Each structure stands twice: as C-alpha cells, then as structure tokens.
Amino acid sequence: MGKRVTTRRRVPEGFRDAVGELEFWRNGVLGVRKRDGSLVEIPEETLAAAKVVMKPA
C-alpha cells in the first residue's frame, strides 16, 4: 500500500491500464488512485500484470 503502481487488466475490449497509488488490496479487489483523483477498482481475477514504478519527478 502507498506505492505507485502500473496495472494492466483484461476487459471485454482487450486490456486497460491504470497508473497510480495502490490504496488497498482487500477481498480480491485492488484500489488504485489515479493522478486525477479517481479511484479504479480492479478485481484481481482480471489483473494481467502489475509492478511498482517510480514516482514522477
């Protein structure tokens, strides 16, 4: 929690990416807060890839 992450998840149209701060990972759902303040909730079964990334300068 609290780390900046990039994620890729499967959606019916293909894949979607989200970059932001990992706020939570509970009950099989990741919460990523994007730079614009929006919260993306990602069911872990749709997660294709994720990694910690450096914060922008």
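In this report, we go over the structure that sits alongside the text. (Residues numbered from 1 in each chain as written. Predicted model: local features only at pLDDT ≥ 70, side-chain atom pairs only at ≥ 80, totals over all residues. Heavy atoms only, no water.)

**Overview of the sheet that holds strand β5 (residues 47-52)**
An order of β4-β3-β2-β1-β5 is seen for the five strands of this open sheet, with the pairing classed as antiparallel. Strand pairing shows two members of the sheet lacking a second neighbour, β4 (39-43) and β5, which therefore form its edges. Along the sheet, successive strands turn relative to each other by an average axial angle of 40°, direction set aside. Sheet topology note: the strand β2 (residues 14-26)/strand β3 (residues 29-34) ladder contains six bridges and is antiparallel. Looking across to β3, one finds that Phe24 is bridged to Gly31. (Pairing = 2+ DSSP bridges. Helix = DSSP H or I, 4+ residues; strand = E, 2+ residues; numbered from the N terminus. Axes fitted to C-alpha atoms, helices over the stretch in contact; angles between N-to-C directions.)

**Comments concerning the pattern of salt bridges**
Summed over all chains, the structure comprises two salt bridges. A salt bridge links Arg8 to Asp17; the shortest N-O distance between them is 2.7 Å. Here Asp17 falls in the partly exposed class, since its relative accessible area comes to 46%. Note that Glu23 is salt-bridged to Arg33, the shortest N-O span being 2.9 Å. (Salt bridge = Lys/Arg side-chain N within 4 Å of Asp/Glu carboxyl O. Buried < 20%, exposed > 50% of the residue type's maximum accessible area, 1.4 Å probe, protein only.)

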